[in-house]
Each structure stands twice: as C-alpha cells, then as structure tokens.
Amino acid sequence: MKMKGWYRRLAAGLPLAAMVFLLSGCGDVNMGILDPQGTVARQQLNLIIIASILCLVILVPVLVMTYVFAWKYRAKKEDAEYKPNWSHSGKIETVMWGVPIVVILIIAILTSIYTHKLEPSKPLESEADAITIEVTALDWKWLFTYPDQGIATVNYVQFPEDVPVHFKLTADAPMNSFWIPQLGGQVYTMSGMAMHLNLMADEPGEYPGKGANFSGEHFGKMGFIAKATSQEDFDKWVEDVKQSSPALTQQGYDELAEQGVLDTKVTYSSFPDGLFDRIVNKYATGTGSGHQHGSSAADSGEAADEGMDGMDMTSMDMSSAEGVTDAAQASDSNQQMHQHD
Amino acid sequence: MWDKIKDFSSDFFVTGDPMIYGADVAIVLVSVAILFVLTYFKKWGWLWREWLTTVDHKKIGIMYILASLLMLFRGGMDALLMRAQLAAPDLEFLKPEHYNEIFTTHGVIMILFMAMPLMFGLFNIAVPLQIGARDVAFPVLNSVSFWLFFAGAMLFNLSFVIGGSPNGGWLAYPPLTEKMFSPGVGQDFYIWGIQISGIGSLATGINFIITILKMRAPGMKLMKMPMFSWSVLASCLTIILAFPILTVTLALLFIDRFAGAHFFTLDGGGNPMMYINLIWMWGHPEVYIVILPAFGIFSEVVATFSKKRLFGYKSMVFALMSISIVSFFTWAHHFFTMGSGADVNVFFAISTMIIAIPTGVKVFNWILTMYKGKITFKQPMLWTMGFIPCFVVGGMTGVLLSIAPADFQFHNSYFLIAHFHQVLIGGVVFGYFAGLYYWWPKMFGFSLDEKLGRWVFWLWNIGFYVCFMPQYLVGLMGMTRRYSTYGWDTGWFGLNLTSTIGAFLMGAGFLVQVWQILYSIKNMQKLKDTTGDPWDGRTLEWTIQSPAPFYNFATDPVVSETDDFWEEKQRIAAGGKPRPKPALAPIHMPKNSGMPVVMAGFFFFAGFGFVFDWMWMAIPGLIGVAASMLVHSFRYDTDFYIPVDEVRRTELAAGREV
Amino acid sequence: MANHSNHAVSAAHGHGHEGHHDQDALRQMGFWFFLITDCILFATLFATYAVLHNNTAGGPTAKELFEMPGIIAETFILLTSSFTSGLAVLSMNRGDKKGLIGWLIVTLVLGAAFVGMEVTEFANMMSEGHKMSTSAFLSSFFTLVGTHGCHVTLGIFWMIALIIQLSRRGINSTTKRKVNIISMYWHFLDAVWIFVFTIVYMMGVM
C-alpha cells in the first residue's frame with residue numbers, strides 16, 4: 001500500500017507538472033473562467049470556489065479513511081482488531097446520513113440564491129444604460145446586429161466596458177450555445193426563440209468567445225472575439241464601421257446564412273430592418289402569435305395531467321409535459337418582451 | 001447498367017479513407033477466417049447447439065461479455081483516434097466530418113454497446129447463482145435479449161463501412177439530426193441500431209425483475225438478498241421505466257426522417273426541445289442504470305475481501321432504491337442553459353444534488369465495511385480501491401456541475417467531459433472489471449493471473465488520471481467539447497498532450513488485459529479453481545463447483561441468513577454440523593431454442609431495410625420477426641428433465657459429494 | 001459443459017406439474033411488468049401529443065378534422081369487444097371450449113371492425129391531403145392513434161394463433177394462461193383507447 005500512495009502522487013503530479021510547464025512557458029495564456037473579467041463570471045467563480053470547499057469537507061475525510069483503513073486492517077497485519085460481524089451502528093449511520101445532508105442543504109441554499117441572482121435573463125444593475133446586441137447563430141458563424149447603433153458584425157463583437165450588455169440570442173441553424181467564458185456563463189441559441197443573456201465587462205480587453213454546442217461539421221470554427229473598450233473607443237468604432245463598411249442586405253444575409261465558414265471578422269454599416277425578429281418568427285411554432293402558443297402549451301400541460309390520472313408510474317411523463325411547457329412559456333415571454341422593446 | 005452499379009456502390013460503401021479500406025479488408029479477412037475455421041473443424045453444429053440456440057444464462061452471459069469486450073476495443077480505438085487528433089494544435093490527422101463521426105460512435109458504443117452488455121453479462125452470470133435459481137424467469141426471452149442486442153450492435157457498427165457513420169453526437173439532438181441537416185443514412189443506422197438493442201434491454205429488465213422477485217431460494221427474504229442482486233433489481237426497475245421513453249423518442253425521430261413528420265423539425269410546428277427533454281428523461285436514468293450494478297459489485301467485493309459483513313445493509317438498500325427513483329427527476333440539469341428560468345433550474349439542481357446523499361452514504365458503507373476487517377488485495381479488491389477515490393472526486397465535480405449558475409460555465413466544456421468519464425470509467429468500468437475478475441473463476445473454472453492483473457490495474461489507473469485530470473483544467477480554460485482541433489494561441493497544447501498520453505496508457509492497459517486473459521487460458525491448469533470458492537465467498541454462487549454446472553445447483557439450496565454460505569462456513573468451523581443435503585431429484589430445465597437468433601436476424605434485416613428506405617427488405621424482415629414469434633407460440637415441447645444419474649455423474653466428476 | 005439438447009427426456013410430463021404452474025405465475029407477472037412498460041410508452045406519446053396538438057402550422061385543427069359519429073362507433077365497438085373477451089375468459093373458467101373459442105372469435109371480429117374503421121378514417125384524412133407531414137399536430141395524432149391501432153392489430157393476429165392452439169389442444173394450464181394474458185392485453189388496449197377518445201377526440205372537438 002505504500003507503493004500505491006507513491007504511484008498515486010506521481011499520477012496526480014504529472015498533470016500538475018504539465019500545468020506548471022504550460023503556465024511558465026507562455027505568460028499570456030488565457031485562463032478562461034479562472035480569470036474572470038466580468039461581474040457575472042466573477043460571481044460564478046466565487047460560487048464554484050465556495051462549493052468546492054464545501055465538497056472537500058466530505059472528500060478529504062473519505063480519502064483519508066479509505067487509505068488509513070486499507071492500511072490498518074490489511075490481512076498481513078496480524079495484530080489488527082477484527083470484528084467480522086460488526087455491521088451496524090445507529091450513531092455512525094446517523095452521522096453518515098447527516099453530514100452529506102447538511103452539506104448538500106447548504107449547497108442547495110447557495111444554489112437557490114445564486115440561481116435567482118445570476119439568472120441570465122435578468123438585467124444587470126449598473127449606473128450606465130444597457131446596450132442591446134442581437135446574436136444569431138448561423139452555420140458556422142456568428143452574426144451580431146446592433147439595433148441601437150444600426151450596424152452589424154460577423155464573428156466579432158465590440159461593446160463598452162462597465163456597461164451592461166443585453167444579448168438577445170437566436171439561431172437560424174441547428175442550435176448552438178453562446179459563451180464568453182471570461183465574462184460569464186453560456187446560454188443556448190435556439191431557433192424560434194429569443195433567449196437573453198446579460199453580461200458586463202469590467203476591464204477593456206479581447207475575450208475569446210465560443211460556439212459551445214455541437215452544430216454540425218465545422219462548428220469548431222465558430223470562435224469569435226468579444227472586445228470591450230472605453231465608451232469613446234466604442235463610439236468611434238461604430239462611426240468607423242458606419243463610414244467604411246458595406247451594408248448588409250437581405251440578400252446578403254441569405255448568402256451569409258448558407259452553410260460555410262468565415263475565417264475573418266466582417267463589419268456592416270447597416271442591416272435590414274427587423275432582421276432579428278424575422279429570424280425568430282420564421283420558426284415560431286403554433287397557430288398564431290407567440291402569446292397564443294404560450295397559453296395553448298399550458299392547456300396541453302393540463303391535458304397531459306388528466307390523461308395520466310390513474311395510470312401507474314407515469315409521474316415523470318407528466319412532469320415532462322410541464323417541463324416543456326415551462327420552457328415554451330419562458331421562450332414566449334421572451335418573445336413578448338422582445339416585441340415590447 | 002455497370003455505371004448504375006458503380007454509382008450505387010460508391011454511395012453504399014464508405015469510400016475515400018484509407019482507414020476504412022483497411023477496416024473493409026480486415027472485416028472480410030476475419031469473416032473468411034471464421035467461416036473457414038468453423039467449416040474445417042466441423043464446428044457449425046457445435047456453434048448452433050452450444051451457443052447460438054442456448055438458453056443457459058451462464059453462456060448467454062459469456063456471450064454478452066465477449067461482445068462487450070469487442071465493443072470496448074472498437075470504442076477505445078475511437079477514443080485513441082480522437083486523442084491522437086487533439087494531441088497537438090492544428091493537426092489534420094482527422095478531418096472535422098470524420099472526427100464528428102468518431103465522437104458520436106465512441107459515445108454510443110461505450111454506453112449502449114459496451115457498458116450495457118457488460119452489465120447484462122454480469123447479471124446473467126451472477127444473479128441466478130446468487131439467489132439460488134436454476135435459470136432466469138424466461139430463458140428464451142433472455143436469449144432474445146442477447147441476440148437483439150447483438151443484431152443492434154452489428155447494425156450500428158456496419159455504418160463504419162456501409163453508408164457512413166452517424167455524426168450528430170451520441171444523443172443525436174435534432175434539428176441537427178433531422179433529414180434537413182443530416183441527409184445521410186448514418187443517423188438511421190444510429191436509430192435502428194439502438195432501437196433493436198433497446199428492445200432487448202427492456203426485455204432483460206423485465207426478465208431479471210421477475211427472476212429476483214419470484215425465484216429466490218427458499219428462506220431468502222428480500223432483506224436477506226445479496227447486495228448485487230438488490231442493485232440489479234434497482235437497475236432493472238429503472239430500465240423498465242426509462243427504456244420505453246427511449247423507444248418512443250427514437251421512433252419519433254425516425255418518423256420525422258422517414259415520413260417527413262414534424263415532431264422535432266424546425267418547420268411545421270416541430271419542437272426540438274421536446275426531443276432534448278425526452279432523450280434525457282431516458283438518458284439520465286440510463287447512467288444510473290449502469291452505475292447501480294457497479295455499486296452492487298463493490299458491495300460484494302468489499303465484504304468478501306474484508307471478510308466482514310457489509311456495513312449498513314438497510315441503508316444500502318434504501319440508498320439504491322432512492323437513487324433509482326430520484327434519477328427520474330433530474331433530467332433537466334442537462335440543459336440549465338436552455339432558458340427554463342430560475343425556478344425550474346433550482347428544482348432540478350436540488351433534485352440532482354439530493355442523489356449525492358445516498359451515493360455518499362454508500363461510499364461510507366464500503367469504507368466502514370473495511371473498518372476492523374481482514375483485507376486482502378486480490379484483483380477485485382484492487383479495482384474497488386481504485387474506484388473509491390476516483391468516484392468520490394467524480395461525484396464531487398458532479399455536485400459542482402449540478403449548481404445551476406456554475407453549470408452555465410461548465411456546460412459543454414471539457415470539465416463536463418472529465419466529470420462523466422471519471423464516474424463512468426472510475427465507477428462503471430472499474431466496477432465491471434472488479435465483477436469480471438471476481439466472477440471469472442465461476443464462469444470458466446480458473447482465475448486470471450494476479451501479476452499481470454496488477455499491471456492492468458496500474459496502467460488503467462495511472463492512465464486515467466493522466467488523461468482526465470488535465471481535461472478538468474482545460475475545460476476551465478474554456479475548451480469546448482467536440483472541437484476537432486484548436487489553435488496554438490489557446491495555450492491548451494500541454495494539457496491536451498498529457499491527456500493523450502494518459503489515453504494511450506489506458507489503451508496499453510487494455511492490451512495487457514487481453515494478454516492477461518490469453519496467458520491465463522494458456523496456464524489454465526495452474527490457475528484452476530478446484531474448490532469452487534476461490535475468494536472465501538459469502539453467497540450462494542460459491543457453494544457450487546467452478547465452472548458452474550449447466551443446472552447450477554444439484555439440489556435446491558435453502559437459506560436462512562444474509563451471506564448464508566459464510567455463516568454456514570463459520571458454523572462448521574466452530575464445530576457445527578453441515579446442513580443435511582436433500583436427496584437428488586430430476587432437474588427441470590428449459591430446452592434450447594433457435595427462435596431468438598432467427599428472430600434477431602430478421603430484425604437486423606428489417607432494420608437494414610429501414611436504414612436505406614428499402615421496403616422490399618424491411619417489410620419481409622418485420623413479417624419474419626412476427627412469424628418467429630408465432631412459431632415460438634406454437635411450440636409446447638419446451639422443457640425436459642435431467643435424470644438423477646446424470647446429475648450424480650456430473651457432481652462426482654467435479655469432485656463433489658452427493 | 002454438457003450439451004443439454006441431448007438430454008431431452010420426454011417422460012417429462014409425468015412428474016412435477018408444479019413446475020408448470022410456477023412458470024404460469026411467472027409469465028403472468030412478467031406480462032404485468034410488460035404492461036407497465038407499454039403504459040409508459042403510451043404516456044410518452046400522450047405527452048408528445050399534448051405538447052404538439054396546437055402546432056397546426058397552417059394545417060387543419062382537431063375541430064376541423066375529427067368526425068365524431070364514426071369515432072363514437074369505434075369506441076362502442078372496442079368497448080364491446082373488451083366485454084366479449086371477458087365473456088371468453090368466463091367460458092374458459094367454466095371449461096367450455098366452444099364458448100371460449102366462440103367469444104374469442106366475436107372479440108376478434110369486433111377488433112377487426114375497429115381497425116377497419118380507423119384505417120378508413122386515416123385514409124379519408126390522407127386523401128384530403130392531411131398527412132403526417134402536414135403539421136406537428138397531425139404527426140403526433142397519427143403516431144399516437146396509429147400506435148394504438150398497431151397494438152390492436154397485433155392482438156388480432158395473436159388471438160388467431162391462440163384460437164388455433166385452443167382448437168388443437170383444448171383448455172389446459174398453458175392455453176389457459178395464454179387466454180388470461182391476451183385478455184389482460186385486450187382490456188389494457190381498451191383502457192388506452194378511453195384516454196385516446198377523451199384526450200384526442202373529445203378535447204379536440206370541444
């Protein structure tokens with residue numbers, strides 16, 4: 001068993017060594033969520049660290065006990081106590097259930113608080129007014145449209161620092177997921193829905209963004225750069241784009257939406273009016289507007305409940321219908337919010 | 001005409017890749033070799049009588065295990081190819097479309113065609129023996145299950161050389177997997193391969209529930225049942241509740257693709273989110289289906305090799321059952337990031353964390369079973385010792401993932417990949433290996449070489465940590481799963497290279513394992529288990545000779561305690577008299593049946609037809625399936641009796657008193 | 001490992017009838033568990049229908065599509081067939097082979113009439129251009145109701161096979177078990193149809 005511990009340390013040490021090698025080798029490596037540059041990402045990292053420490057409360061004693069017992073009660077050791085019939089102890093079992101319950105309870109409360117606090121559709125508190133950027137996932141590129149500035153970009157997004165950014169997300173292709181690790185967690189981009197993600201950068205800088213969900217052959221090429229600058233630089237950049245870039249026409253959009261990879265960033269001085277809404281509505285389900293769909297989905301949830309009455313073991317199917325309903329309603333209210341904007 | 005044939009075959013066969021031509025050649029050569037050997041040694045009759053038509057649960061178990069090791073090889077090759085591609089930035093060893101196929105088949109094969117059959121193999125080997133039964137409740141259905149799994153697995157693997165592999169990820173989310181975005185036949189291979197074997201899994205679930213509930217030896221109350229059998233019961237209950245959902249989900253996806261329906265399409269009112277809900281309502285319970293029996297195995301192994309009663313039996317049973325129930329209420333944690341809203345997320349986050357409680361309790365139980373025991377570190381125990389730290393760390397990262405707001409950062413990243421490999425390799429694979437080494441002597445009559453076994457263990461273990469620990473970090477650095485390559489500027493090179501080295505260490509572990517099996521077969525006489533009880537076991541399977549005779553127990557065993565065999569041995573050691581054995585009586589056994597293999601053949605035929613939309617093939621296939629069942633229904637002469645003489649002869653030949 | 005197909009001692013039926021009874025109980029219980037899985041299968045399809053039933057995508061709605069008189073007749077036929085399958089079991093328990101086969105045939109004919117009407121209903125819809133591919137609503141409608149219809153059809157063939165076995169072998173423990181099981185299956189399909197009728201048709205036209 002002595003050997004075992006030694007091997008294990010070696011095993012754990014190797015990746016650690018690799019990490020040290022890697023981090024010393026190149027100083028400007030992007031550490032992703034470990035190096036948060038935005039208020040959301042910072043809170044998420046804090047939460048991760050707190051939860052990890054709470055988990056260690058159980059992890060460490062378990063590991064210690066495993067090795068100590070394995071060593072102490074090995075058969076070769078003749079003088080160790082041996083109690084072959086000892087298999088129950090009320091006290092120990094109470095602790096055994098109690099400690100994990102308490103730890104999970106604490107984590108659950110934390111989760112509940114943070115989930116509401118960090119709900120991505122909730123606007124961020126700030127003195128500055130939020131800027132809205134519409135994001136469309138295409139095969140295999142990102143289109144950003146700025147409804148207030150009237151410009152559009154591809155595979156590149158720029159916004160001012162210390163200003164909340166309200167991303168509205170949709171897709172005109174199989175679903176993807178919009179993720180800028182250093183600014184905050186990801187949210188899916190799904191066709192027929194406008195999802196919301198609120199982020200804010202604390203520092204100017206270029207942050208790598210990703211398409212995090214597999215969406216076909218070249219999804220790996222869906223990286224983009226999110227650049228935070230000062231308000232003046234941002235305004236100047238918008239002016240530049242308006243002056244020097246071509247316009248994005250509807251036809252131009254249709255071509256852009258076809259499958260293919262764009263390796264460069266592109267900017268457009270304008271884009272067709274209501275483009276984002278049209279993309280969302282193109283796939284909206286149901287007979288009429290989003291609102292009707294929402295209420296009909298709620299009806300169907302009830303219908304499912306009645307249908308399952310009296311059948312055995314179908315509880316999870318009921319909740320499925322509800323789950324779907326919730327999702328549909330959430331997306332519908334999103335659409336509505338969007339229409340009010 | 002010639003051109004037509006050429007056109008057809010260039011679509012039909014996968015072309016253009018040297019690796020695939022290599023596979024083509026290998027498949028043809030191996031098939032020819034097998035046919036030749038079988039014919040030359042006149043083994044066709046033997047194969048048919050002894051294996052293809054067998055309803056003996058032990059032989060079916062062996063076939064499951066063989067097939068799953070084969071699939072482990074295939075899935076492992078996929079893994080090594082992926083790791084080779086990711087070893088350095090900007091490699092072009094695999095093109096994206098090829099890489100996408102490989103991660104898809106890797107996932108499907110490892111979960112559905114490796115873990116599931118290995119698990120069913122161990123069910124088959126151990127459960128009837130453990131509860132003192134002569135066979136499972138429905139022996140022919142058991143054979144049907146195996147052959148359906150086999151047909152499904154072969155159909156799925158065929159896509160490698162015919163038609164093209166699926167490339168939509170292991171759970172095949174639409175709309176990507178709809179005809180509009182995946183027009184090829186790969187996705188249909190996926191649907192039919194899983195569908196056919198899934199029906200088999202469902203049948204196995206029912207079969208083992210009835211076996212455990214109704215066929216236990218007299219005196220074995222449920223609360224005296226060995227823990228592995230409990231875990232099988234929990235797993236099978238989960239199977240019968242979860243697998244119908246999979247059947248429907250895949251059927252709907254197929255109807256979408258085949259008949260242009262709009263369940264999950266972007267247009268026509270379809271709802272892709274519904275697929276994601278449905279597939280995870282099966283998919284999440286599925287991971288508990290495969291892990292629960294591993295928990296059962298560890299419980300047996302820890303008690304046996306600590307020579308001590310399992311600590312907290314009742315807690316353990318309660319934990320198993322509560323895990324299998326709660327597992328149905330966690331599915332939405334796979335898409336916290338899809339905008340369900342904070343309240344829904346909180347519900348599913350907490351339901352997920354709750355599972356950590358009974359799981360944690362089980363770990364405490366195992367550790368306390370070792371406490372004040374007499375522990376020997378034979379191979380099964382070694383794997384258990386590898387499992388506990390690995391699984392506890394994996395469980396901890398699982399709790400981190402369940403925290404919804406943190407999951408927004410972990411989701412789809414390599415952190416997630418590292419987590420589920422840690423619980424699936426560290427938990428499921430290590431668990432099944434422990435089971436395999438534990439019951440191997442009962443299956444074949446000899447144990448596997450210890451010295452080579454230690455090599456296998458350390459290669460797998462070290463390989464595992466070297467492979468997956470860097471993946472946690474690279475995930476935190478923002479590396480997304482399913483990337484076929486990455487740039488130098490990302491800074492992910494060192495970690496990925498390390499990870500690749502670890503993967504190849506595990507590959508080496510598998511090779512040594514194969515060598516270990518071959519070596520042990522060669523030295524079978526030296527490693528022979530003459531006692532039938534090589535580990536000083538506790539449960540009924542160790543009361544009979546190794547390998548178990550085809551009727552299992554010469555006389556029906558009677559049980560009065562938990563771990564009855566151990567208690568009996570203690571009593572005898574203390575000077576008590578052995579329990580009197582009842583006189584031999586003729587043993588009632590089921591007859592072999594050719595129906596299952598024929599029916600699975602028709603199913604394969606039908607599935608292949610549906611993949612290519614060839615109704616002339618699919619419809620006769622389905623008719624064949626129905627006809628097989630009808631023919632079976634008309635068969636009344638299904639069982640026979642083994643005369644006392646023969647039982648006596650077999651027992652004496654194995655050196656047993658009668 | 002001995003080869004047991006060689007051991008076929010055909011004197012089997014002499015001893016140990018308890019083995020057979022045992023097997024019958026196992027099979028009946030197994031079938032109950034199968035019905036649980038089938039329940040979940042239908043529950044999933046109902047949930048799918050519930051989610052999609054308003055997504056008509058410009059196609060016809062339930063109200064425009066369903067013709068209730070035919071549906072009510074179908075319902076009536078299937079309910080009657082459930083009753084007659086019960087009568088078949090009663091005849092069996094009396095040991096009345098003729099009555100048993102007779103009632104099974106009545107059940108079977110009613111089942112076939114039900115399937116026939118359903119097929120006609122579907123064919124009419126399709127001839128008017130309302131197909132699977134028209135909308136998500138129709139996809140889920142055809143799949144849910146069609147799956148039930150397939151179950152009934154399967155039951156019909158099964159029943160034919162059983163009638164042949166009964167006429168050859170009479171009522172014994174094995175055929176008795178088979179009749180009991182198929183009657184369970186038939187009642188189950190009846191119960192599922194009541195849900196189809198209520199949720200799909202009644203709520204559809206309301």
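Residues numbered from 1 in each chain as written. Chains lettered and ligands numbered in written order. Predicted model: local features only at pLDDT ≥ 70, side-chain atom pairs only at ≥ 80, totals over all residues. Heavy atoms only, no water.

Take the pattern of salt bridges next. Between side chains of opposite charge, pairing is possible as soon as their charged atoms come close. Residue and element names in this part refer to chain B. Using the criterion set out here, one finds 20 salt bridges over all chains in the structure. For the salt bridge of Lys307 with Asp536, the shortest nitrogen-to-oxygen distance reads 3.3 Å. One end of the pair, Lys307, is in the loop between helix 9 (272-306) and helix 10 (313-326); the other, Asp536, is in the loop between helix 16 (493-522) and helix 17 (564-573), and 229 residues separate them in sequence. The network of salt bridges with common partners includes Lys307, Asp533, Asp536 and Lys569. (Salt bridge = Lys/Arg side-chain N within 4 Å of Asp/Glu carboxyl O. Helix = DSSP H or I, 4+ residues; strand = E, 2+ residues; numbered from the N terminus.)

Residues and elements named next belong to chain A. In spatial order, the strands read 4-10-9-6-7; together these 5 strands make up an open sheet with mixed pairing. Two strands lie at the open edges of the sheet, namely strand 4 (156-160) and strand 7 (184-189), each paired on one side alone. Adjacent strand axes in the sheet meet at a mean angle of 20 degrees, parallel and antiparallel pairs treated alike. Note that strand 6 (residues 176-180) and strand 9 (residues 205-211) share 2 bridges and pair antiparallel. When the sheet's bridge partners are listed, Trp179 is paired in strand 9 with Lys210. Across the face of the sheet, helix 4 (residues 231-244) comes into contact with strand 4 and strand 10 (224-229) while running at roughly 135 degrees to strand 4. (Pairing = 2+ DSSP bridges. Axes fitted to C-alpha atoms, helices over the stretch in contact; angles between N-to-C directions. Contact = heavy atoms within 4.5 Å.)

Moving on to the confidence of the model for chain A. Taken as a whole, chain A shows an average pLDDT of 81; of its residues, 75% reach a score of 70 or greater. Confidence over residues 286-341 of chain A falls short of pLDDT 50; this stretch has 89 contacts with residues more than four positions distant or in other chains. (pLDDT = per-residue confidence, 0-100.)

Quick look at the sheet that holds strand 2 (residues 141-146) of chain A now. Strand pairing within a sheet occurs via backbone hydrogen bonds; the two strands may be parallel or antiparallel. All names here are of chain A. Ordered by their spatial adjacency, 6 strands build an open sheet running 8-5-1-2-3-11, and the pairing between neighbours is mixed. Only two strands of the sheet have a single partner each, and these edge strands are strand 8 (195-199) and strand 11 (266-268). The average undirected angle you get between the axes of adjacent strands in this sheet is 20 degrees. Across 5 bridges, the pairing between strand 1 (residues 131-138) and strand 2 is antiparallel.

What follows concerns the domain arrangement of chain A. Residues and elements named next belong to chain A. Taken domain by domain, chain A holds domain 1 (31-117) and domain 2 (131-339). With 11 residues of domain 1 at the interface, the matching set in domain 2 holds 13 residues. Interface of domain 1 and domain 2: buried area, both sides summed, is about 830 Å²; carbon and sulfur atoms make up 52% of it. The three residues of domain 1 that bury the most area against domain 2 are Gln37, Thr39 and Val40, which together make up 50% of that side's buried surface. The tally of links from domain 1 across to domain 2 stands at 1 salt bridge. Where Arg42 meets Asp202, a salt bridge forms, and the shortest distance between an N and an O atom there is 2.3 Å. At the boundary of domain 1 with domain 2, the tally comes to 8 residue pairs in polar contact (both at pLDDT 80 or more). Of the residues belonging to the side of domain 1 that touches domain 2, the class tally is 4 nonpolar, 5 polar and 2 charged. (Domains from an automatic or database assignment. Buried area = accessible area lost by both parts, 1.4 Å probe. Polar contact = N/O pair within 3.5 Å; in protein donor to acceptor, adjacent residues only side chain to side chain. Nonpolar A, V, L, I, M, F, W, Y, C, P; charged D, E, K, R; others polar.)

Residues and elements named next belong to chain B. On the surface, Val514, Trp515, Leu518, Ile521 and Met524 cluster together to form a nonpolar patch covering roughly 450 Å² of accessible area. Along the chain, Val514 turns up in helix 16. Val514 sits in the partly exposed class, given a relative accessible area of 35%. (Patch = residues over 30% accessible without salt bridge, like charges linked within 9 Å, V, L, I, M, F, W, Y side chains within 5 Å. Areas by Shrake-Rupley, 256 points an atom, 1.4 Å probe, with all protein chains shown as cover. Buried < 20%, exposed > 50% of the residue type's maximum accessible area, 1.4 Å probe, protein only.)

So, on to the packing of aromatic side chains. The geometry of an aromatic ring pair is captured by the separation of the ring centres together with the interplanar angle, meaning the angle of the planes. All names here are of chain A. For the structure on display, the rule yields 107 aromatic pairs over all chains. The ring of Trp71 has Arg74 sitting right over it, with the charged end atom 3.9 Å from the ring centre. The residue whose ring lies beneath Lys265 is Tyr156, and the NZ or CZ to ring-centre distance is 3.9 Å. (Phe/Tyr/Trp six-rings, centres within 6.5 Å; stacked < 30°, edge-to-face > 60°. Lys NZ or Arg CZ within 6 Å of the ring centre and 35° of its normal.)

Let us now look at the packing of helix 5 (residues 136-169) of chain C against helix 6 (residues 173-205) of chain C. Residue and element names in this part refer to chain C. At their nearest, the axes of helix 5 and helix 6 sit 10 Å apart, and the two run at 160 degrees to each other. When the axes of helix 5 and helix 6 are compared, the pair comes out roughly antiparallel. You can see that helix 5 and helix 6 cross each other, and the crossing is left-handed. Residue classes in the contact of helix 5 with helix 6 are distributed as 21 nonpolar, 5 polar and 1 charged. (Parallel < 35°, antiparallel > 145°, perpendicular 65-115°, else oblique. Left-handed = near helix turned anticlockwise from the far one by under 90°.)

Below, the discussion takes up the nonpolar core. One broad trend across soluble globular proteins is that nonpolar side chains are buried collectively. By size, the foremost hydrophobic cluster in this structure holds 376 residues, and its most contacted members are Phe167 of chain A together with Phe141 and Tyr201 of chain C. If one sorts the elements of this core by residue count, helix 9 of chain B sits on top with 22 residues. Ignoring any residue separated from it by four or fewer positions in sequence, one finds Phe141 of chain C in contact with Tyr49, Phe66, Glu121, Phe122, Met125, Gly146, Val200 and Tyr201 of chain C. With 13 residues, the next largest nonpolar core counts Leu138, Leu256, Tyr268 and Phe271 of chain A among its residues. (Core = buried A, V, L, I, M, F, W, Y, C linked by side-chain atoms within 4.5 Å.)

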